[in-house]
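# Coordinate analysis (summary)
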Amino acid sequence: MKLSSFLSIFLAVYRVSAETGLADEFQPSVKASCVGGTMTIRVDTALPFDGVVHGPNRTEPGCSVTGKGGLKTYLKIDLGVPAGLPGSCGVKYNPDTEERRVAIGVRAHNTIELLEDRLYVVTCGKAGFQNSRNEVSVVQLKVTDGFSKKNTVLEGSAYTLRAEVLNHDPNYGILVKRCFAFDNSDTSVELVDDRGCRTQKLISEFSYNDSAGTADATIHSMFRMPSSNRTYFQCDVEICRGSCSKPSCDLDKEQITQKIDNSELKSVDPFARSQSDDTVTTSTSVFVAQPGSSAAVGAAVCTGGDLNPSWLTYLCIAFGVLFAIMLLINIFLCSAMTCSCTRTEVIEKEPSIYDDYSMYDS
């Protein structure tokens, strides 16, 4: 009886494997990208995929997706959900490396576990590479006003999009390629193509400083997406030993002031990469305030990243030390004056023999 049951189960699994047609060809590849508070996991398959991609707990809400017969399947995890709560999908965060890790199961069938099912542990974190000093150099993307990083910007104003290598190694150069701006609604616009040339007049061509490990492009007029006031920027940065060869770009460099129309918007795959092996992906985001709003006033005066500059902290410390010194001096002077007042002596005058003398009494 047990033997017949085992044979029936084996035949059922074999039949399902034959039906899926993936018994020998199911070799999916998995990539992860963390941008804008969302971990996006992409599963690539050679054949149309109708299975399921899920986290450690398949029944957890928001932690699984069923394939729709395509070659690319996406699972999006909200990183804003605290760990341990439903919807966190078992994502682990390492504060030392600033990496996020999660276990992902890729199953060829959406209900039955098969031998060809795969389990992966994917990570995403800082965009870094190992330099010639055997240290990790991180590529940071940020929006600046030419002096400091901005978290809140004013629509229509000019800003700088900067890619900077932290812990820079002069033996390596960078080339910014394939930049695009997008929002949470999957609306995106390409800014730089795969060659490293701008595709829109929204920004200038990147200028490079290999000695400092920076690349700057001017956003002539800050824009925002039609359905969101938060704009995300993402770029692929190619790492070269020595200076990267710069492309020859012929797009007209005149500034524009017109807004983006819907014809310029298109869907961009954040996982499409150039053929270079030494390429990292980096991203940043800004809150775009409309002119005349209360947020625009805050953007003009100060932003969230500029409330406590380092020089202001040191200045406050210096004033605090001076105040303490003046307070001690005042206490010392007051105590000295009090002591001098309490030590006064009353001197009685002795009577003199000349006080009662008179020339008329003699």
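Computed from a predicted model, the values in this text were never measured in an experiment. (Residues numbered from 1 in each chain as written. Predicted model: local features only at pLDDT ≥ 70, side-chain atom pairs only at ≥ 80, totals over all residues. Heavy atoms only, no water.)

## A few points about the overall build of the chain
The following threshold applies: Runs of E in the DSSP output that reach at least two residues are strands. Runs of H or I that reach at least four are helices, and both are numbered from the N terminus. For every residue, the accessible area obtained with a 1.4 Å probe (protein chains only) is divided by the maximum for its type, and the residue is called buried under 20%, exposed over 50%, and partly exposed between those limits. The criterion used for residue contact is that any of the two residues' heavy atoms lie within 4.5 Å. We get accessible surface area from the Shrake-Rupley algorithm with a probe of 1.4 Å; when it comes to residues, only the shown protein chains can shield them.
A tally of regular secondary structure across the chain gives three helices and 18 strands. For the chain, buried positions account for 37% of its 362 residues. Across the chain, contacts joining residues at least 24 apart in sequence account for 65% of those joining residues at least 6 apart. On the chain, roughly 22,100 Å² of surface is accessible, and the fraction owed to carbon and sulfur atoms is 55%.

## Remarks on the packing of aromatic side chains
Each aromatic ring pair is summarised here by two numbers: the centre-to-centre distance and the angle between the ring planes. This is how the line gets drawn: For Phe, Tyr and Trp, rings pair up if their centres lie within 6.5 Å, where Trp contributes its six-membered ring, and each pair is then called stacked (planes under 30 degrees apart), edge-to-face (over 60) or tilted (otherwise). Think of it as a cone above the ring: NZ of Lys or CZ of Arg counts as a charge over the ring if it is within 6 Å of the ring centre and within 35 degrees of the ring normal.
In total, this model carries three aromatic pairs according to the counting rule given. Taking the centre distance of 5.5 Å and the plane angle of 20° together, the rings of Phe182 and Tyr232 count as stacked. Placement of Phe182 in strand β13 (residues 172-182) and of Tyr232 in strand β17 (residues 230-241) is noted, with a sequence separation of 50 residues between them. Following the ring pairs from residue to residue traces out a cluster consisting of Phe180, Phe182 and Tyr232. The ring centre of Tyr208 lies 4.7 Å from the NZ or CZ of Lys246, which sits over that ring.

## Here we look at the state of the cysteines
Here is the rule we go by: Disulfides are defined as pairs of cysteine sulfur atoms found within 2.5 Å of each other.
Following the criterion strictly, the structure yields four disulfides and no others. Note that Cys179 is cross-linked by a disulfide to Cys235, the S-S spacing being 1.9 Å. Between Cys179 and Cys235 the disulfide shows an S-S torsion of about 120°. By sign, it is right-handed. With Cys179 in strand β13 and Cys235 in strand β17, this pair connects stretches of sequence that are 56 residues apart. When sorted by exposure, Cys179 lands in the same class as Cys235, which is buried. Shown here is the disulfide that connects Cys197 with Cys249, its sulfur atoms set 1.8 Å apart.

## Things to note about the side chain of Thr45
Selection rule: Distance and chemistry together define a polar contact, namely a pair of N or O atoms within 3.5 Å, with one atom able to donate a hydrogen and the other to accept it when in protein, and with adjacent residues in sequence counting only for side-chain atoms on both sides.
Secondary-structure assignment places Thr45 in strand β2 (residues 38-49). Assessed through its relative accessible area of 12%, Thr45 is described here as buried. A distance of 2.8 Å separates a polar side-chain atom of Thr45 from the backbone oxygen of Leu47. Among residues more than four places away in sequence, those in contact with Thr45 are Phe26, Pro28, Gly70 and Leu71.

## Focus: the confidence of the model for the chain
Applied cut-off: You can read pLDDT as the predictor saying how much it trusts each residue, on a scale of 0 to 100.
Residues of the chain with pLDDT of at least 70 account for 71%, and the chain-wide mean is 76. Helix α1 (residues 2-20) is the least confidently modelled element of the chain, averaging 44 in pLDDT, while strand β16 (residues 214-219) averages 94, the highest of any element. The low-confidence segment residues 253-267 (pLDDT under 50) makes 26 contacts with residues lying over four places distant or belonging to another chain. Here residues 273-277 is a poorly scored stretch, pLDDT under 50, and it has eight contacts once near neighbours within four places are set aside; other chains count.

## Overview of the sheet that holds β2
Quick note on the threshold: Two strands pair under a simple rule: DSSP has to find at least two bridges between them. Only the contacting stretch of a helix is used when fitting its axis, a line to C-alpha atoms as for every element, and angles between N-to-C directions run 0 to 180 degrees.
Overall, antiparallel pairing links the three strands, which are arranged β1-β2-β5 in an open sheet. Strand pairing shows two members of the sheet lacking a second neighbour, β1 (29-35) and β5 (70-78), which therefore form its edges. Averaged over all pairs of adjacent strands, the angle between strand axes in this sheet comes to 20°, irrespective of strand direction.

## Details of the sheet that holds strand β11 (residues 152-154)
An order of β11-β18-β17-β13-β14 is seen for the five strands of this open sheet, with the pairing classed as mixed. The open sheet has two edge strands, β11 and β14 (188-190), and neither has a second partner. The average angle at which neighbouring strand axes cross in this sheet is 40°, direction not considered. Relative to strand β18 (residues 279-289), β17 runs antiparallel, the two sharing nine bridges. The partner of Glu238 across the bridge, within β18, is Thr279.

## Examining the environment of Lys68
Relative to the helices and strands, Lys68 is located in the loop between β4 (64-66) and β5. Linking Lys68 and Asp50, residues 18 residues apart in sequence, is a C-alpha distance of 5.5 Å. When residues no more than four places from it in sequence are discounted, the contact partners of Lys68 are Phe49 and Asp50.

## A closer look at a nonpolar patch on the surface
Just so we agree on the cut-off: Patch construction takes residues with relative accessible area above 30% that form no salt bridge. Like charges are linked within 9 Å, and nonpolar side chains (Val, Leu, Ile, Met, Phe, Trp, Tyr) are linked within 5 Å. Whenever a carboxyl oxygen of Asp or Glu lies within 4 Å of a side-chain nitrogen of Lys or Arg, that contact is scored as a salt bridge.
A cluster of nonpolar side chains, contributed by Trp311, Tyr314, Leu315, Ile317, Phe319, Val321, Leu322, Ile325, Ile329, Phe332 and Leu333, occupies part of the molecular surface with about 1,200 Å² of accessible area. With respect to the element layout, Leu333 can be found in helix α3 (residues 310-342).

## Concerning the environment of Glu205
The residue Glu205 is located in the loop between β14 and β15 (207-209) in this model. Considering only alpha carbons, one finds Glu205 and Asp250, 45 residues apart in sequence, at a separation of 9.9 Å. Here the side chain of Glu205 touches Arg198 through a polar contact of 3.2 Å, landing on its backbone nitrogen.

## Considerations on the nonpolar core
Our working rule: Among buried residues, those of type Ala, Val, Leu, Ile, Met, Phe, Trp, Tyr and Cys that are joined through side-chain atoms within 4.5 Å constitute a nonpolar core.
If you look at the biggest cluster of nonpolar residues, it comprises 33 residues, and the most contacted ones within it are Val143, Leu191, Phe206, Met222, Phe223 and Phe233. Listing elements by their share of this core, those giving two or more residues are β10 (136-144), β12 (159-166), β13, β16, β17 and β18. Broken down by element, the residue count for this core peaks at five residues, all from β13. When residues no more than four places from it in sequence are discounted, the contact partners of Leu191 are Cys179, Phe180, Ala181, Cys197, Arg198, Thr199, Gln200, Leu202, Ile203, Phe223 and Phe233. One finds Cys63, Cys89, Val91 and Cys124 within the second-largest nonpolar core, a separate group that totals 20 residues.

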